[in-house]
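Read off the chains here:
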Amino acid sequence: VALSLTYVRHCSRMSTLSTPASDETERDVPADVRPVLDAVRDACQAISRALTRSYVRSAGTHTATATAAATTNTTGDTVAPMDSLSDELMQKHLRMCPSVAAFASEEEAVVVQCMMGKDERVAKHLVVYDPLDGSQNLAPCLSVGTIFGVFDTTSPATGRALVAAGYALYSQASLFVFTVRGAGRCYAEVLCPDSDSFVERPAFRMPDKGKVYAINEANMERWSSTAVRALVQRMRAEKRSVRWMSCMVADAHRILTEGGFFSYPCDTKNTSGRLRLVYELMPFALLYEEAGGAAVDPDDAARTPLLDLAVPSLTDAPKLHAKHSCMFAGQYEAA
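Conventions adopted
- Residues numbered from 1 in each chain as written.
- Predicted model: local features only at pLDDT ≥ 70, side-chain atom pairs only at ≥ 80, totals over all residues.
- Heavy atoms only, no water.
- Helix = DSSP H or I, 4+ residues; strand = E, 2+ residues; numbered from the N terminus.
- Polar contact = N/O pair within 3.5 Å; in protein donor to acceptor, adjacent residues only side chain to side chain.
- Buried < 20%, exposed > 50% of the residue type's maximum accessible area, 1.4 Å probe, protein only.
- Core = buried A, V, L, I, M, F, W, Y, C linked by side-chain atoms within 4.5 Å.
- Contact = heavy atoms within 4.5 Å.
- 1 Å grid on protein atoms, 1.4 Å probe; cavity = no way out; pocket = protein on both sides within 12 Å on 5 of 7 lines; lining within 4 Å.
- Points joined across faces, edges and corners; volume = space filled by probe spheres on them.
- Nonpolar A, V, L, I, M, F, W, Y, C, P; charged D, E, K, R; others polar.
- Pairing = 2+ DSSP bridges.

1. Focus on the environment of Arg185
Following the sequence through the fold, Arg185 ends up in the loop between strand S9 (174-180) and strand S10 (186-192). Considered as a pair, Arg185 and Phe204 are 19 residues apart in the sequence and their alpha carbons are 5.6 Å apart. A polar contact is formed between the side chain of Arg185 and the backbone oxygen of Ala183, at a distance of 3.1 Å.

2. Considering unusual backbone geometry
Within the chain, Lys239 stands out as a residue other than glycine whose phi angle is a positive 65°. Along the chain, Lys239 falls in the loop between helix H5 (226-237) and strand S13 (241-242). On the basis of relative accessible area, Lys239 is assigned to the exposed category, the value being 72%. With a phi close to 50°, Arg303 is a non-glycine residue in the positive phi region. For Arg303, the location among the structural elements is in the loop between strand S16 (294-296) and helix H8 (317-320). We classify Arg303 as partly exposed; its relative accessible area is 31%.

3. Here we look at the nonpolar core
Judged by nonpolar contacts, the single largest core of 49 residues is most densely connected at Met248, Phe284, Tyr288 and Phe328. Setting aside anything within four residues of it in sequence, one finds Tyr288 in contact with Met206, Ala252, Ile255, Leu256, Gly293, Ala294, Ala295, Phe328 and Ala329. Judged by nonpolar contacts, the second largest core, of 39 residues, contains Leu51, Cys114, Phe176 and Ala183.

4. Some details on the layout of surface pockets
In this structure, the largest pocket encloses a volume near 540 Å³. Along the wall of the largest pocket there are 23 residues; nearest its centre are Asp133, Gly134, Gln136, Arg274 and Glu280. Contributing elements (two or more residues each) for the lining of the largest pocket: strand S6 (125-133), helix H6 (248-258), strand S14 (261-264) and strand S15 (275-276). Of the residues contributing to the lining of the largest pocket, the split by class is seven nonpolar, six polar and 10 charged. Roughly 450 Å³ of internal volume is contained in the second largest pocket. Around the second largest pocket sit 22 residues that line it, and Ser48, Thr52, Tyr170, Ser171 and Ser174 are the ones nearest its centre. Of all elements in the fold, only helix H2 (34-57) and S10 reach the threshold of two or more residues within the lining of the second largest pocket.

5. Considering the pairing of strand S18 (residues 326-329)
Covered by surrounding structure in S18 are Cys326 and Phe328 together with Met327 and Ala329, the residues of both alternating faces. Sheet topology places S14 next to S18; four bridges connect them, and they run antiparallel. Each residue of the ladder has a partner; that of Tyr264, found in S18, is Cys326. Of the strand pairs in this sheet, S16 and S18 are connected by three bridges, and their pairing is antiparallel.

Next comes the structure, spelled out in structure tokens:
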């Protein structure tokens, strides 16, 4: 059974880039999750096209698209036109998916129910997502992304209820990376420009040790976590290089594929953390754990796994959009 209508096994002009779907890939993805991944993948493909078109139409500066008619969402974040369009595209595909009962977007105040015309025996998943992460990178034409998580219930207690998670990275190429609970690996696909469809790449696990790390060191004096400060000093002593793109998808993707650690700890300005627990941290936590890495709260002495944290109230907007500190790392850096 194909994982997606757009999930082709080869590119007519770029056949050397394609790899046959492995038996493990087909076996690892539960049948009831496949339509959800299909819907998200198709939405990310549409977002990728929209980003390219908007940049071309803005005469190569993207300034108009990034700043014109910007609004503010319910949590006080600036919402650029591409943020809104990305959210609309994701909502469109999720509403049509027979397996999705509800979704929660970083751009929406509350959970949106989408059961109309669906069989309640089939539609049981809650999808959470950030439609366009790093939109401040639009103007200089740098990397942006989409993050998503799929819960196997509309009333999840903790992050352990995630059955799938992933992200799209829109950069030199558009990548779609995902994992499913229990897979022990991440799966990657690249958008083929010739066929305008996603082509499977080899599955991967995170290296135990990396050469770089990703953190905004400009905030070091404000960090609350002495553990993160100590880890950075350790990386400096090992002559590691720091990389920071100001886009979680880009920064966390680099670390996931190359090793190292990514962190955004609490500080005096962001006392609870900077990134959204439900929309950003829990999905990436599943990705890192399945790839062999660690995803923990660096401001907690016990270093609680992010997936063990409670899912905030789905009916209380401020709690639903709660922020939290995070550290994603390989086994060496997490030790």
